[in-house]
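A structural walkthrough
Each chain is listed here by its residues.
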Number of protein chains: 2
Amino acid sequence: MKLRFKPYELHLKHRFSVSGCSRTFTPAVLTEIEHDGVVGYGEASMPPYLGETAGSVTDFLSKIDAGQFRDPFLMEDILGYVEGIAPGNKAAKASFDIALHDLTGKLAGMPCHRMLGLGKDKTPYTTYTIGMDSDEMLGLKVKEAGDRFSILKVKLGSADDKGIIRAIRKHTGLPLAVDVNQGWKCREEALDMIFWLKEQGVVSVEQPMPKDCPDDMAWLNERSPLPLYADESVQTAQDIPALRGVFGGVNIKLMKCGGMREALKMIHTARALGMRVMLGCMTETSCAVSAAAQLSPLADIADLDGNLLIAGDPFEGVKISGGRLMLNDMPGIGVVKYIETI
Amino acid sequence: MKLRFKPYELHLKHRFSVSGCSRTFTPAVLTEIEHDGVVGYGEASMPPYLGETAGSVTDFLSKIDAGQFRDPFLMEDILGYVEGIAPGNKAAKASFDIALHDLTGKLAGMPCHRMLGLGKDKTPYTTYTIGMDSDEMLGLKVKEAGDRFSILKVKLGSADDKGIIRAIRKHTGLPLAVDVNQGWKCREEALDMIFWLKEQGVVSVEQPMPKDCPDDMAWLNERSPLPLYADESVQTAQDIPALRGVFGGVNIKLMKCGGMREALKMIHTARALGMRVMLGCMTETSCAVSAAAQLSPLADIADLDGNLLIAGDPFEGVKISGGRLMLNDMPGIGVVKYIETI
């Protein structure tokens, strides 16, 4: 197997703001694994708050001796070797894992979801995220999204969360999922806010409080009338057992956990614990989003809109129809590459 | 898809005794799922202590409307439908799950282990079980096994467990795994016995105490110098989280959990909890044993010897070499059927 990779800058359609962070582009690294003339595509997306950079990803990928492997289907062994090179580096590992899944799917002539026994008709609805913005821009974004999506996601954790919800409610009656990104510090105020949000048609709340406050979260989870999803509190499958009773569900992202294989393990673990599953993403191309979408028939809800936020997506893959993810029948992760990137 | 099934009696080479049970044959039901002229094989094995019978299995299988499914690869949906027909009936469900995995592997032209990204060179050692017997018969069995296996399994829970170990130790110095089948009732005596067993070269202890004594088991698990595996205490993935701290590992069996798909979920769940994994079986043909063996590269140790205990195995599949499971490159679960059974 041959591994190739190259940094690639993802430019955003709109300035993107979450609690404590605002940006107009995101660094990425695109990967390719080639075997017997077949090429699998992968991607690492590195939002700055997760600590990986184009430099750290290319450094990590440089350490992978892909040439030693003659059978890409030995994924457990190959990905175990990659995991063992160094701890962390989850986005870098995900870029390799995705390319390997795409490659093996293409070699088998099957979509990844089919190899996993999943039906493309069982995909969930996906939320579309509306970043914090001026009232005018919020209205524009909501209108843009309202025709295509059945549920919108709103980033809270600002000085005036109620104002944001009210501004959005001027333009749409769609169900809302909110993502607080650890923005609330007081559990009693958080609970009051959740009850208020429920009255406003909010259906789920993501990471309401800081990840270092599991006791407050458990208190909140016991009382919340809405399901609470962990995001910053969960990275890999080993993190999930401690979250039972602390959150009602987990947001699983390839760039956090290291790829599709670990994401599947996380889904199985969460289900065994009776927890809900959301499949999320970073700001990324249709490559990584389509990879995550392969697993989406196992999720309750998706938040796989990262590719819709960027301009000049080099890939075409999973689509949205009626607010649901639409998988195609192409082998592997189901993407076509339009722009020569490597 | 077309489903066919037929009861089939498995005759044992030797009378088989465990704590509270002795028998010379085991009822089984063999299944076939056919699609596009390709046939997948499955099997339900029903040791009497688990409550299923040839009648209950054929009754359950009669309720499956397989004709409604035109794509065998939609395994999550199909097996979800089967699970929803009635609770329990895990051996019946396993017989369908195994046949479906064999069928899809054959349709894809790939062994199941390969579709799961597993390498056939990473299979574990398998134990070979020695039933309680006269001293003379024990010696005979141990000699028969000693040349082919690297670790033997001994059933304890009798009135004279030390006598059994001493009798076996006359004939072999191989490492021993013991299976107590809930046979010990006092935790202090159990702990003393485990320390004694460790001195005799025993390397693991399965289900030492009754499944309704988790507190005693946790006490024992904390103090045991040997890893303790749950068997009767665990059936499906949802049972595993409560076993952390109670056992060090779980014995996963297709006939207990309902098939290969649930077994994979159990392995992922156990690993997320930091627990060991044993893949076990009932007395069954090379069909169900080879199905379990497809997952074995993910296990620490296998106890997949059920096919070796029966006379007239209608299937040929996984082999043993140097004490390790040897997977082949045949598609699906990797079996050839020698005897017309359905």
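In this text the structure is predicted, and so the values were computed from the model without any measurement. Residue numbers run consecutively from 1 along every chain, following the written order of its sequence. Each chain gets a letter, beginning with A, and each ligand a number, beginning with 1, in the order they are written. Whole-chain, interface and lining totals are the exception, using all residues; otherwise, since this is a predicted model, local features are given only for residues with pLDDT of at least 70 and side-chain atom pairs are given and counted only at 80 or more. Excluding hydrogens and water, the side-chain values take into account all heavy atoms of the structure.

Next up on the list: the overall build of chain A. Starting at the N terminus, helices and strands are each numbered in turn, a helix being any DSSP run of H or I of at least four residues and a strand any DSSP run of E of at least two. A count of helices and strands for chain A gives eleven helices and 16 strands. Our radius of gyration looks at C-alpha atoms and nothing else; its globule reference is 2.2 Å times the residue count to the power 0.38. At 19 Å, chain A has a C-alpha radius of gyration in line with the 20 Å of a compact globule built from 342 residues. For chain A, the spread of C-alpha atoms along the three principal axes comes to 60 × 40 × 40 Å. Taking all 342 residues of chain A together, 61% fall into the buried category. Looking at chain A alone, contacts between residues at least 24 apart form 69% of all its contacts between residues at least 6 apart. A positive count includes Lys and Arg, and a negative count includes Asp and Glu. His and the chain ends are not counted in either. To locate a charge, the coordinates of NZ of Lys, CZ of Arg, CG of Asp or CD of Glu are taken. In chain A, which carries 38 positive and 44 negative side-chain charges, the distance between the mean positions of the two groups comes to 2 Å. Throughout this description, buried means an accessible area under 20% of the type-specific maximum (1.4 Å probe, protein chains only), exposed means over 50%, and partly exposed covers the range between. Whether two residues are in contact is decided by their heavy atoms, any of which lying within 4.5 Å being enough.

This part takes up a nonpolar patch on the surface. Taken together, the side chains of Val336(A), Tyr338(A) and Ile339(A) present a nonpolar region at the surface, about 270 Å² in accessible area. Relative to the helices and strands, Val336(A) resides in strand 16 (residues 336-337). Think of a patch as exposed residues, more than 30% relative accessible area, with no salt bridge, where like charges cluster within 9 Å and nonpolar side chains (Val, Leu, Ile, Met, Phe, Trp, Tyr) cluster within 5 Å. Areas reported here follow the Shrake-Rupley algorithm with a probe of radius 1.4 Å; residue values treat only the protein chains shown as occluding. Any carboxyl oxygen of Asp or Glu that lies within 4 Å of a side-chain nitrogen of Lys or Arg is treated as forming a salt bridge with it.

Where interface size is given, it is often the accessible area lost as the parts come together that is meant. Taken together, the contacts link 29 residues of chain B with 28 residues of chain A. Both faces combined, the contact of chain B with chain A buries some 2,300 Å², and carbon together with sulfur accounts for 57% of it. At the boundary of chain B with chain A, the tally comes to four salt bridges. Linking Arg114(A) and Asp71(B) is a salt bridge whose minimum nitrogen-to-oxygen distance equals 2.6 Å. Contributing elements (two or more residues each) for the side of chain B that touches chain A: helix 2 (75-85), helix 4 (112-115) and helix 10 (260-272) of chain B. Ranked by residues supplied to the side of chain B that touches chain A, first place goes to helix 10 of chain B with seven residues. In short, buried area is how much 1.4 Å probe accessible area vanishes from two parts on joining, totalled over both.

On to the packing of helix 6 (residues 161-169) of chain A against helix 7 (residues 187-199) of chain A, then. Residue and element names in this part refer to chain A. A fitted line through C-alpha atoms serves as each axis, taken over the contacting stretch for helices, and the angle formed by two N-to-C directions is quoted from 0 to 180°. Between helix 6 and helix 7, whose axes approach to 11 Å, the crossing angle comes to 5°. Comparing the axis directions of helix 6 and helix 7 gives the class roughly parallel. Contacts from Asp-161, Lys-162, Ile-165 and Arg-166 of helix 6 reach helix 7 at Met-193, Trp-196 and Leu-197. Of the residues in the contact of helix 6 with helix 7, the class split is four nonpolar, no polar and three charged. What sets the label is the angle itself: under 35 degrees gives roughly parallel, over 145 gives roughly antiparallel, 65 to 115 gives roughly perpendicular, and the rest give oblique. Amino acids outside the nonpolar list (Ala, Val, Leu, Ile, Met, Phe, Trp, Tyr, Cys, Pro) and the charged list (Asp, Glu, Lys, Arg) are all regarded as polar, and Gly is one of them.

The next point concerns the relation of the copies chain B and chain A. Least-squares superposition aligns the copies on the C-alpha atoms of those residues with pLDDT at or above 70 in both. The two copies are related by a screw operation: chain B maps onto chain A through 180° of rotation and 0.0 Å of translation along the axis, at an RMSD of 0.0 Å. The transformation relating the two chain copies, once decomposed into turn and shift, fits a two-fold axis. No C-alpha of chain B approaches the rotation axis more nearly than that of Thr269(B), which lies at 2.3 Å. Same-surface contact between copies: 97% of interface residues of chain B are shared with the interface of chain A.

All names here are of chain B. Paired strands, as defined in this entry, are two strands with at least two bridges between them according to DSSP. Ordered in space as 4-5-6-7-8-9-10-11, the eight strands form an open sheet in which the pairing is parallel. Taken across any chain shown, the strands that pair with only one partner, and hence form the sheet edges, are strand 4 (128-130) and strand 11 (301-303). With strand direction ignored, the average angle separating the axes of adjacent strands in the sheet is 30°. Taken together, the four bridges between strand 5 (residues 152-155) and strand 6 (residues 176-179) define a ladder with parallel strand orientation. In the sheet register, Leu-152 faces strand 6, and the bridge partner there is Leu-176.

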